[in-house]
Amino acid sequence: MLFDGLIIQVRGLGVRIFDTAVEIAFDDGAADALISAADSADQTLRSEGSFLGVATGYAMEDFKGGYATLFNHALAVRADDRGRLAGVLAVLAEDVRQAKLKAREEKSRLKELAAWQQRADFREQHFQTFQSVASDPMPAEWPVAAPTISAVFSARARVRLAGGSGGGATSSADPGKLREFVKSEPHAP
């Protein structure tokens, strides 16, 4: 996924690395951009939530009946979705931070392994295998496991019909307050 493991071959008493110039494919700049975007969206969603709560309270002051119930339910679902999406984005940012850390660890491991291999080659050429192995242990052979990054979000379905007021019930609202609410929306012009 984000980086590949190193292929090694056991040969006799030593370990040979097929390619000591192995590099993992991990774009720190892209990871930083994703972390920044996810953190920014998370913060925006959380800060807009409190602002919209005030605007909702103002719009609901004189809103009564079936449409008021529908409006209130839709806003509650949206507030819940906003919080869940903010949470997904926060976890995504943390997962990418962890991937960066693991990529850094794997790069370091590969560098240490390549340096050790050079020393092992030198020892082998000079018949010092048994003298220096104890004082120069081989770094970890197995690659650092690449983390799994996943972010899933689906908005919940909203009820779209008020269900008729029947029986003489009245549905009413202050149109000015509803227009103010619409203007307060983050996506409103």
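Computed from a predicted structure; not experimentally measured.

**What to know about the packing of helix α1 (residues 28-60) against helix α4 (residues 175-184)**
- One way to put it is that α1 packs onto α4 with a least axis distance of 8 Å and a crossing angle of 165°. Taken together, the axes of α1 and α4 lie roughly antiparallel to each other. Here the hand of the crossing between α1 and α4 comes out left-handed. Contact residues: α1 offers Phe-51, Leu-52, Ala-55, Thr-56, Tyr-58 and Ala-59, while α4 offers Lys-177, Leu-178, Glu-180, Phe-181 and Ser-184.

**Here we look at the confidence of the model for the chain**
- On average, residues of the chain carry a pLDDT of 79, and 78% of them reach 70 or more.
- The element-level mean pLDDT for the chain is lowest in strand β1 (residues 8-11), coming to 32, with helix α2 (residues 66-125) highest at 91.
- Across residues 1-18, confidence stays below pLDDT 50; counting only partners more than four residues off in sequence or on other chains, it has 52 contacts.

**Structural notes on the packing of aromatic side chains**
- What the rule picks out here adds up to two aromatic pairs.
- Considering the side-chain rings of Phe-63 and Phe-71, the 5.4 Å spacing of their centres and the 45° angle between planes classify their relative orientation as tilted.
- When the ring of Phe-71 is compared with that of Phe-181, the centres are 5.3 Å apart and the planes differ by 75°; the resulting orientation is edge-to-face. With Phe-71 in helix α2 and Phe-181 in helix α4, this residue pair connects regions lying 110 residues apart in the sequence.
- Three or more aromatic residues link up through ring pairs in this structure, and these residues are Phe-63, Phe-71 and Phe-181.
- Across from the ring centre of Tyr-58, 5.2 Å away, lies the NZ or CZ of Lys-177, which sits over that ring.

**Description of the nonpolar core**
- Counting residues in each nonpolar core, the largest one holds 14 residues, and the members touching the most others are Phe-26, Ala-38 and Val-96.
- Among the elements of the structure, α1 and α2 are those that each provide at least two residues to this core.
- In terms of residue count, α2 provides more of this core than any other element does, eight residues in total.

**What to know about the pattern of salt bridges**
- One pass over the full model with this rule turns up 14 salt bridges.
- Between Glu-48 and Arg-82 there is a salt bridge, with the nearest N and O atoms lying 3.2 Å from each other. With a gap of 34 residues between them, Glu-48 in helix α1 and Arg-82 in helix α2 connect regions that are remote in the sequence.
- The class for Glu-48 is partly exposed, based on a relative accessible area of 22%.

Reading the values: the criteria
- Residues numbered from 1 in each chain as written.
- Predicted model: local features only at pLDDT ≥ 70, side-chain atom pairs only at ≥ 80, totals over all residues.
- Heavy atoms only, no water.
- Axes fitted to C-alpha atoms, helices over the stretch in contact; angles between N-to-C directions.
- Helix = DSSP H or I, 4+ residues; strand = E, 2+ residues; numbered from the N terminus.
- Parallel < 35°, antiparallel > 145°, perpendicular 65-115°, else oblique.
- Left-handed = near helix turned anticlockwise from the far one by under 90°.
- Contact = heavy atoms within 4.5 Å.
- pLDDT = per-residue confidence, 0-100.
- Phe/Tyr/Trp six-rings, centres within 6.5 Å; stacked < 30°, edge-to-face > 60°.
- Lys NZ or Arg CZ within 6 Å of the ring centre and 35° of its normal.
- Core = buried A, V, L, I, M, F, W, Y, C linked by side-chain atoms within 4.5 Å.
- Buried < 20%, exposed > 50% of the residue type's maximum accessible area, 1.4 Å probe, protein only.
- Salt bridge = Lys/Arg side-chain N within 4 Å of Asp/Glu carboxyl O.

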